[in-house]
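Secondary and tertiary structure notes
Now for the letters of each chain:
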Amino acid sequence: MFSVRFYALSGYRQAPKHEEHKEVAAAVILSPKDTYDHIVATGVSKTKITLAKQVTQGVIAGFYISFSFMLCMTVGGQISSIQHEHPGIYNLILGSVGFPLGLTVIMVVGADLFTSSCMYLITAWLEGRVAFYWVVRSWFISWWSNLAGCLIMAQLVVWAGLFAGAKSEFPIYLAHKKTSATFGATVVKGIICNWLVNLAVWMANSARDLTGKAVGVYLPVSAFVTLGTEHVIANQFELSLAKMLGSGMPLRTIIASNWVPATIGNIIGGAFFVGTLYAGVYGTLYERIWLRFTQAYIWIVPKAIRTRVAAGQQSLYERLFGWIDWEAITAPPADALAAAQRSSESGAVAGGSRAASVERGLTARLREETPRWVAAAFVNPPMTPFERKHTETRLGSDV
């Protein structure tokens, strides 16, 4: 008796009854559709911040990418003994250690990186949420702000002497390697690079905890560095550092041979191969294309021609399918309808409105009368309430 009074006075209560318990699944990752919506909203938000804040975020992003490339070159760039003898292991170390740091920090603490903005802004534009002016403006500000951050960090590295002496050989060697490829090859490398980078950004956006974001970033980012592709913001830091260390490379070569083609490739990789393709899968891209095509057809083609085209389509349809009695085929059997009505009136089908009861009775009767092989080929099996709810609300996910 005393214990009962104590718990009552202390604010405790007994455990809820069995029917009050509800099974709740904790979402540790967003569905692809929810992630796409989140990316679109992020793209819109990038157009709402002030110029000063966007520039600051862009400079910070340049800092973080520079940090990652510094670590990358400090570890992988100083093992020249295996660079030529075991290039696979060398590239794996170069990509795995260091570079995922920068994008992980950006995704967690926030910054404005040009390569990820290629996806954010294009999805927002394709969904009709922002004007194209804001896309170009955001890309322009991000690119130059990232460059400013990379230049500041490169100068700090030179002052600190982190790549002084023999350690300067690798940044200079890498700079000559990055500017020796053809324009077209650098563009393609940039496409592959930002394709993987924005997949990393997508997966980091879908994760709801720090571990998920880090893993989502690590796999694609380490892959693009290992493959030897071109990330224009990382190259802003690396080529600037190499020039400050005495590579003797003219600025014109740096811009024309790497920064310009890498920028073009990064835009294509992020804006098209991730942003545009998934706008078609999870967004309204195809519906908008069809709407614009229809509008153009109405505006351009005269009404008389459109009327003749419609009449020709109707005539062709009548020739091909006019002999089919669609009403007789699609109408339910009279006995099935009568049975469904009788079952609904007698209360055999519990719950729901009379129309829903009739529909359920028809469905059950038609399933019984349909051959099994036809049902297996054309009729979807019934879904549980959980499956029905998540099929309607979360496209492409079983979470």
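Cut-offs and rules
- Residues numbered from 1 in each chain as written.
- Predicted model: local features only at pLDDT ≥ 70, side-chain atom pairs only at ≥ 80, totals over all residues.
- Heavy atoms only, no water.
- Helix = DSSP H or I, 4+ residues; strand = E, 2+ residues; numbered from the N terminus.
- Contact = heavy atoms within 4.5 Å.
- Areas by Shrake-Rupley, 256 points an atom, 1.4 Å probe, with all protein chains shown as cover.
- Expected span 1.5 Å × (residues − 1).
- Buried < 20%, exposed > 50% of the residue type's maximum accessible area, 1.4 Å probe, protein only.
- Salt bridge = Lys/Arg side-chain N within 4 Å of Asp/Glu carboxyl O.
- UniProt positions renumbered as here; feature names shortened; annotations may be inferred.
- Phe/Tyr/Trp six-rings, centres within 6.5 Å; stacked < 30°, edge-to-face > 60°.
- 1 Å grid on protein atoms, 1.4 Å probe; cavity = no way out; pocket = protein on both sides within 12 Å on 5 of 7 lines; lining within 4 Å.
- Points joined across faces, edges and corners; volume = space filled by probe spheres on them.
- Nonpolar A, V, L, I, M, F, W, Y, C, P; charged D, E, K, R; others polar.
- Polar contact = N/O pair within 3.5 Å; in protein donor to acceptor, adjacent residues only side chain to side chain.
- Patch = residues over 30% accessible without salt bridge, like charges linked within 9 Å, V, L, I, M, F, W, Y side chains within 5 Å.
- Axes fitted to C-alpha atoms, helices over the stretch in contact; angles between N-to-C directions.
- Parallel < 35°, antiparallel > 145°, perpendicular 65-115°, else oblique.
- Left-handed = near helix turned anticlockwise from the far one by under 90°.

Attention now goes to the overall build of the protein. Along the protein, the regular secondary structure elements total 20 helices and zero strands. Of all intrachain contacts in the protein linking residues separated by at least 6 positions in sequence, the fraction that spans at least 24 positions is 81%. In the form shown here, the protein has an accessible surface area of approximately 23,300 Å², with 66% of it arising from carbon and sulfur atoms.

In this section: helix H12 (residues 232-244). Over its 13 residues, H12 extends 18 Å from the first C-alpha to the last, a length consistent with the 18 Å expected when each residue adds 1.5 Å. Most of H12 is tucked away: eleven of the 13 residues are buried. For H12, every residue scored as buried is listed here: Val-232, Ile-233, Ala-234, Asn-235, Gln-236, Phe-237, Glu-238, Leu-239, Ser-240, Leu-241 and Ala-242. Looking at the buried side of H12, the elements it contacts are helix H3 (51-75), helix H7 (114-126), helix H8 (132-160), helix H9 (169-180) and helix H13 (251-282).

Here we take up the pattern of salt bridges. The tally for this structure, following the rule as stated, stands at three salt bridges. A salt bridge links Lys-178 to Glu-230, with the nearest nitrogen and oxygen atoms 3.1 Å apart. In this pair, Lys-178 sits in helix H9 while Glu-230 sits in the loop between helix H11 (210-227) and H12, placing the two residues 52 residues apart along the sequence.

Those places that UniProt annotates as "transmembrane region" (unreviewed entry) correspond, in this numbering, to residues 55-77, 89-111, 141-162, 183-204 and 259-285. Between the end C-alpha atoms of residues 89-111 there is a gap of 32 Å, over a span that is 78% helix and 0% strand. The straight-line gap between the two end C-alpha atoms of residues 141-162 is 29 Å; of that span, 91% is helix and 0% is strand.

Turning our attention to the packing of aromatic side chains. A ring pair, where both rings are aromatic, is described by two values, the distance of the centres and the angle of the planes. For the coordinates displayed, the defined rule picks out 16 aromatic pairs. Geometrically, the ring pair formed by Tyr-133 and Trp-134 is edge-to-face, given 5.3 Å between the ring centres and 75° between the ring planes. Exposure remark for Tyr-133: the relative accessible area of 53% places this residue in the exposed category. Taking 6.2 Å as the distance between ring centres and 35° as the angle between the ring planes, the aromatic pair formed by Trp-202 and Tyr-282 counts as tilted. Of this pair, Trp-202 sits in helix H10 (residues 183-206) while Tyr-282 sits in helix H13, and the two are 80 residues apart along the sequence.

Moving on, we come to the layout of surface pockets. In this structure, the largest pocket encloses a volume near 370 Å³. Lining the largest pocket we find 24 residues, and of these Leu-94, Leu-174, Lys-178, Val-225 and Gly-228 sit closest to its centre. Mapped onto the lining of the largest pocket, the elements with two or more residues apiece are H3, helix H5 (87-96), H9, H11 and H12. Among the elements that make up the lining of the largest pocket, the one with the highest residue count is H9 (five residues).

Let us look at empty space enclosed by the protein. Using the criterion set out here, one finds one cavity of 30 Å³ or more in the structure. The volume enclosed by the largest cavity comes to roughly 40 Å³. Along its surface, the largest cavity is lined by Ile-65, Phe-99, Gly-102, Leu-103, Leu-113, Val-197, Val-221, Phe-224 and His-231. Put simply, the parts of the chain that give the lining of the largest cavity at least two residues each are helix H6 (100-109) and H11. Within the lining of the largest cavity, the residues separate by chemical class into seven nonpolar, two polar and no charged.

Attention shifts here to the environment of Gln-295. If you trace the backbone, Gln-295 turns up in helix H14 (residues 285-300). Of the residues examined, Gln-295 reaches a relative accessible area of 24% and is grouped as partly exposed. A distance of 3.2 Å separates the side chain of Gln-295 from the side chain of Arg-292, its partner in a polar contact.

On to the environment of Leu-51. Tracing the sequence through the fold places Leu-51 in helix H3. Overall, the relative accessible area of 46% leaves Leu-51 in the partly exposed class. Beyond its immediate stretch of four places on either side in the chain, Leu-51 contacts Arg-137 and Ile-141.

Now for a nonpolar patch on the surface. A contiguous nonpolar patch, built from Phe-183, Leu-251, Ile-255, Val-260, Ile-264, Ile-268, Phe-272 and Leu-277 and spanning about 630 Å² of accessible area, is present on the exposed surface. The element best represented in the nonpolar patch is H13, accounting for seven residues. Relative to the assigned elements, Ile-268 resides in helix H13. What makes Ile-268 partly exposed here is its relative accessible area of 31%.

So, about the packing of H3 against H8. Between H3 and H8, the shortest axis-to-axis distance is 7 Å and the interhelical angle comes to 50°. Compared by their axis directions, H3 and H8 come out oblique. Judged by the twist between their axes, the crossing of H3 over H8 is right-handed. Each of Leu-51, Gln-54, Val-55, Gly-58, Val-59, Ala-61, Gly-62, Phe-63, Ser-66, Phe-67 and Met-70 in H3 lies in contact with H8, whose residues at this interface are Arg-137, Ser-138, Ile-141, Ser-142, Ser-145, Asn-146, Ala-148, Gly-149, Cys-150, Ile-152, Met-153 and Val-157. Looking at side-chain class alone, the contact of H3 with H8 contains 13 nonpolar, nine polar and one charged residues.

Packing of H3 against H12 brings their axes to within 9 Å, and their N-to-C directions diverge by 60°. The angle between H3 and H12 places the two elements in the oblique class. Seen along the crossing, H3 lies across H12 with a hand that is right-handed. Contacts from Ile-65, Ser-66, Phe-69, Met-70 and Met-73 in H3 reach Ile-233, Ala-234, Phe-237, Glu-238 and Leu-241 in H12. For the contact of H3 with H12, the residue count by class is eight nonpolar, one polar and one charged.

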